[in-house]
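Coordinates in review
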Amino acid sequence: MRRRRTVGPVAGALIAVLAAGTVMASNFGSNTASYLTPAHQCDTDASSQCIANNGSHFWYPYNVTTNLLAATRTASSTYDAVTDVATYESSSSSGVDVIVMDDPTNLPNIVAWTECADGATTGGTDPNAYCVPQWLRYDLSDTSAYDTLGERNSIACQEMGHTLGLRHSSSTSSCMYTNRTTQAGLVQHDKDELNAHY
Ligand SMILES: [Zn+2]
């Protein structure tokens, strides 16, 4: 603990530093080299990180267990609350932006991921490279990732965020935090990035 008498000047210095540091790095965009090295094209590979082509986000639950469907719906409502994004659960795969499914692929250290679907339409250039539709895959072989409501909601929030173009966040309060978390929500920075893009 710091000594009490240093609190005044130290606090003043910290406020100045924090104010100068409020310009945060972008956590939005497709695979520029600075995000993934090497940069990865929009394709059917779990390394793909490509944005959606617009903020109207239609998703179709192709094959999803009940609790992950519920988590996906929670994520959808989370993003629907972002000013410039609208999400819709579709009853058909036709023309949707995201196709959601369970997949027991068991990729090392990955509990869920997104990638461009087979035959996806691609366009744009980094950091605005897009593909539609995208697959959102939950790896059910990693059962430990899905045994609490918080984990499921957080994973669904992060994966849907990826399909909209959000990258990982350094904020532990965001579902876009790099490592596994039980935070289901977005932080203001995530919302600002989405609203700035769409
Ligand atoms: Zn992620």
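Residues numbered from 1 in each chain as written. Predicted model: local features only at pLDDT ≥ 70, side-chain atom pairs only at ≥ 80, totals over all residues. Heavy atoms only, no water.

Looking at the coordination of the zinc ion
Only Gln158 (OE1), His162 (NE2) and His168 (NE2) from the protein reach the zinc ion as donors, at distances of 2.1 Å. When the donors of the zinc ion are listed by position in the chain, the intervening gaps give Q-x3-H-x5-H. Within this pair, whereas glutamine 158 is found in helix H3 (residues 149–164), its partner histidine 168 is found in the loop between H3 and helix H4 (188–197), the two being separated by ten residues in sequence. When its relative accessible area of 30% is taken as the criterion, histidine 168 is described as partly exposed. (Donors = N, O, S within 2.8 Å, 3.2 Å for Na, K, Ca; no water. Helix = DSSP H or I, 4+ residues; strand = E, 2+ residues; numbered from the N terminus. Buried < 20%, exposed > 50% of the residue type's maximum accessible area, 1.4 Å probe, protein only.)

Quick notes on the side chain of glutamate 115
Among the structural elements, glutamate 115 can be located in strand E4 (residues 112–123). Judged by its relative accessible area of 8%, glutamate 115 falls in the buried class. Looking at glutamate 115, its side chain comes within polar contact range of the side chain of tryptophan 113, at 2.5 Å. (Polar contact = N/O pair within 3.5 Å; in protein donor to acceptor, adjacent residues only side chain to side chain.)

Overview of the environment of threonine 74
Among the secondary structure elements, threonine 74 is positioned in helix H2 (residues 66–80). Of the residues examined, threonine 74 reaches a relative accessible area of 32% and is grouped as partly exposed. Sequence-wise, threonine 74 and cysteine 157 are 83 residues apart; in three dimensions their C-alpha atoms are separated by 7.8 Å.

Description of the pairing of strand E5 (residues 130–138)
Along E5, seven of the nine residues are buried, which leaves the element largely enclosed by surrounding structure. Relative to E5, strand E3 (residues 98–102) runs parallel, the two sharing five bridges. Residue pairing across strands places valine 100 opposite leucine 136, the latter belonging to E5. Pairing of E4 with E5, which is carried by eight bridges, proceeds in the antiparallel orientation. From the neighbouring strand, alanine 112 faces E5, where its bridge partner is tyrosine 138. Connecting E4 to the antiparallel partner E5 that follows it, the hairpin turn spans six residues, and glycine 124 within it adopts a positive phi of roughly 75°. (Pairing = 2+ DSSP bridges.)

Describing the sheet that holds strand E2 (residues 86–89)
Spatial strand order, E2-E1-E3-E5-E4: five strands in an open sheet with mixed pairing. Strand pairing shows two members of the sheet lacking a second neighbour, E2 and E4, which therefore form its edges. Neighbouring strand axes in the sheet, compared pairwise and without regard to direction, differ in orientation by 25° on average. Those strands touched by H2 are strand E1 (56–63), E2, E3 and E5, and its axis lies near 155° from that of E2. (Axes fitted to C-alpha atoms, helices over the stretch in contact; angles between N-to-C directions. Contact = heavy atoms within 4.5 Å.)

Observations concerning the pairing of E1
Two strands pair when backbone bridges link them, and E1 and E2 are joined in this way by four bridges, in the parallel orientation. What sits directly across from phenylalanine 58, in E2, is tyrosine 88. In the classification by handedness, the crossover that spans E1, the intervening H2 and the parallel E2 is right-handed. (Right-handed = clockwise from strand over helix to strand, strands pointing away.)

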